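Report on the structure
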Amino acid sequence: MREVKTDIEIAQNNKMEHIVQTANKIGVSEDDLEMYGKYKAKLPISLIDEEKISDNNLVLVTALTPTPAGEGKTTVSIGLVEGLNRIGEQAVVVLREPSLGPVFGIKGGAAGGGYSQVVPMEDINLHFTGDFSAIEKANNLLSALIDNNIQSKTRNLGIDPRTIVWKRVMDMNDRALRNITIGLGGTANGIPRQDGFNITPASEVMAILCMAKSFEDLKDRLGNIFIGFTFQKGPIFARDLNAENAMAILLKDAIKPNLVQTLEGNPAIIHGGPFANIAQGTNTILATKMGMSLAKYTVTEAGFRS
């Protein structure tokens, strides 16, 4: 009986193409790529072409509960793109980025499985091109500005700490940090208040990045983040702290979709990853538009275990 290889064995035994070769299949030149080594690259937003989008096709894979073996939306999406390219159609798969929390939890990675995977699998499942780290930093920058304003004697907006809904984030499952008290240690370390950590895919910054249609749109949406109320019951937004420009500049590279490849060397765009139980549960609008600008068929996924 033939031994069945594990997902990681299949991925590691696969001979990957240089990302330049993968890009050439969808008409992207080497000069347009911002490479992260040999097998990963960022795609500039300037490649999005609204006219081409209207001529091409979008396929959505959703409402699919994974089997115990793990076959679900991602494996079906990747497999469909492999099949379309095998019969001579030009197709690209557009997927969400994995979160480190589930990767190190029961669920595991989110780069497909078996012979329906995107590679380099380990890179994609871990830090990839740093998008999640940038989102985490932008989120936590706003948290720091909130607490700094509460502490300030000269620029205080009168934020009522009891009404703050904005939480810090980290991309890891750590239930001990869900509800914490911050600002302890004396007057130099802030005003004590209740706070907590969400996981990075649950950050509103993640949802905003995935909805943004341009860098300017990203800044506007970041400025509209609701923080809480003043003691006089007035709403406070991120723009009241002048936070949007600083948050946006941390996301200047994260806003660009990532190009990798399937096991058969077909193009795969992986970008963004908000959880579907609290946000839209699909990749960035920019990634979908990028796929539809570059290929006849764009296959994407949406949903959360169903």
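Presented here is a report on the structure given in the accompanying data block. Residue positions are given per chain, counting from 1 as you read along its sequence in written order. Residue-level local features of this predicted model are given only where pLDDT is at least 70; pairs of side-chain atoms are given and counted only at 80 or more, and the full residue set underlies all totals for whole chains, interfaces and linings. For side-chain calculations, the full set of non-hydrogen atoms in the structure is used, while hydrogens and water are omitted.

Relative to the helices and strands, Asp131 resides in helix H7 (residues 131-151). Contacts are residue-level and defined by heavy atoms, with any inter-residue pair within 4.5 Å sufficient. Not counting residues up to four positions away in its chain, the partners in contact with Asp131 are Lys42, Glu97, Asp253, Ala254, Asn258 and His271. Counting from the N terminus, the helices are the DSSP runs of H or I reaching at least four residues and the strands are the DSSP runs of E reaching at least two.

Pairing of aromatic side chains here covers Phe, Tyr and the six-membered ring of Trp, requires ring centres within 6.5 Å, and sorts the geometry by plane angle: under 30 degrees stacked, over 60 edge-to-face, intermediate tilted. On inspection of all chains with the given rule, the structure shows 2 aromatic pairs. Their ring planes at 65 degrees and their centres at 5.1 Å tell us that Phe226 and Phe229 sit as a pair that is edge-to-face. On the numbers, 5.9 Å between centres and 65 degrees between planes, the contact of Phe226 with Phe237 is edge-to-face. Taken as a pair, Phe226 in strand S11 (residues 226-229) and Phe237 in strand S12 (residues 235-237) lie far apart in primary sequence, 11 residues in all. Judged by relative accessible area, Phe226 falls into the partly exposed class, the value being 27%. Criterion for a charge above a ring: Lys NZ or Arg CZ within 6 Å of the ring centre, and within 35 degrees of the ring normal. Taking NZ or CZ as reference, Arg239 lies 4.4 Å from the ring centre of Phe237, over its face. Here the term buried applies to any residue with accessible area under 20% of the maximum for its type, exposed to any over 50%, and partly exposed to those in between, with areas from a 1.4 Å probe on protein chains only.

With respect to the helices, strands and loops of the structure, Glu97 is situated in the loop between strand S4 (91-95) and helix H5 (100-103). Setting aside its immediate chain neighbours within four residues, Glu97 contacts Phe128, Asp131, Phe132, Asn258, Ile270, His271, Gly272 and Gly273. Here a polar contact is taken to be a pair of N or O atoms separated by no more than 3.5 Å, where protein atoms must pair a possible hydrogen donor with a possible acceptor and residues adjacent in sequence count only if both atoms sit in side chains. Among the polar contacts listed, one links the side chain of Glu97 to the side chain of Asn258, at a separation of 3.4 Å.

Next up on the list: helix H11 (residues 285-294). Burial within H11 is extensive, with 8 of its 10 residues counted as buried. For H11, every residue scored as buried is listed here: Leu286, Ala287, Thr288, Met290, Gly291, Met292, Ser293 and Leu294. On its buried face, H11 sits against helix H3 (50-55), strand S3 (57-61), S4, strand S14 (267-270) and strand S15 (297-301).

With that settled, consider a nonpolar patch on the surface. Residues enter a patch when their relative accessible area is above 30% and they make no salt bridge; the linking distance is 9 Å between like charges and 5 Å between nonpolar side chains (Val, Leu, Ile, Met, Phe, Trp, Tyr). Note on areas: these come from Shrake-Rupley sampling with a 1.4 Å probe, and a residue is covered only by the protein chains present in the view. Salt bridges, as used here, are contacts in which a Lys or Arg side-chain nitrogen is within 4 Å of a carboxyl oxygen on Asp or Glu. On the surface, Phe104, Leu126 and Met172 cluster together into a nonpolar patch covering about 280 Å² of accessible area. Mapped onto the elements, Leu126 comes out in the loop between helix H6 (121-125) and H7.

A few words now on the nonpolar core. What tends to happen in soluble globular proteins is that the nonpolar side chains get buried as a cluster. Only buried residues count toward a nonpolar core, which is a set of Ala, Val, Leu, Ile, Met, Phe, Trp, Tyr and Cys residues joined through side-chain atoms within 4.5 Å. Within the largest apolar cluster, 50 residues are counted, with the highest numbers of intra-cluster contacts made by Leu33, Leu142, Val205, Leu222, Ile225 and Leu251. Mapped by element, the contributors of at least two residues to this core are helix H2 (19-24), S4, H7, helix H8 (204-211), helix H9 (215-223), helix H10 (244-250) and H11. At 7 residues, the largest contribution of residues to this core is made by H7. Setting aside chain neighbours within four positions, we find Leu33 in contact with Ile19, Val20, Ala23, Val28, Ala41, Lys42, Leu43 and Leu259. In terms of nonpolar packing, the next biggest core, distinct from the first, is built from 20 residues, Ile78, Ala111, Val119 and Ala268 among them.

The next thing to look at is unusual backbone geometry. Note the cis peptide between Val119 and Pro120, where omega equals 5 degrees. Positive phi, normally seen in glycine, also occurs at Asn242, with a value near 55 degrees. Mapped onto the fold, Asn242 is located in the loop between S12 and H10.

With the rule as written, the count across this model stands at 18 salt bridges. In this structure, the salt-bridge partner of Arg86 is Glu264, at a minimum N-O distance of 3.1 Å. With Arg86 in helix H4 (residues 73-86) and Glu264 in the loop between strand S13 (258-262) and S14, the pair connects residues that are 178 residues apart, well separated along the chain. Classification of Arg86 as exposed rests on a relative accessible area of 61%.

In the contact formed by H7 and H8, the axes pass within 9 Å of each other and the chain directions differ by 120 degrees. In this view, H7 runs oblique relative to H8, as classed from their interaxial angle. The crossing of H7 and H8 is right-handed. Residues Phe132, Ile135, Ala138 and Asn139 of H7 form the contact with H8, whose own contacting residues are Val205, Met206 and Leu209. The nonpolar class holds Ala, Val, Leu, Ile, Met, Phe, Trp, Tyr, Cys and Pro. Asp, Glu, Lys and Arg form the charged class, and all remaining residues, Gly among them, are polar. Residue composition of the contact of H7 with H8, grouped by class: 6 nonpolar, 1 polar and no charged. Simply put, an axis is a line fit to the C-alpha atoms, just over the touching stretch for a helix, and the angle between two N-to-C directions goes from 0 to 180 degrees. Orientation categories follow fixed angle ranges, with anything under 35 degrees roughly parallel, anything over 145 roughly antiparallel, 65 to 115 roughly perpendicular, and all other angles oblique. Two helices cross in a left-handed way if the nearer one is turned anticlockwise from the farther one by less than a right angle. They cross in a right-handed way if the turn is clockwise.

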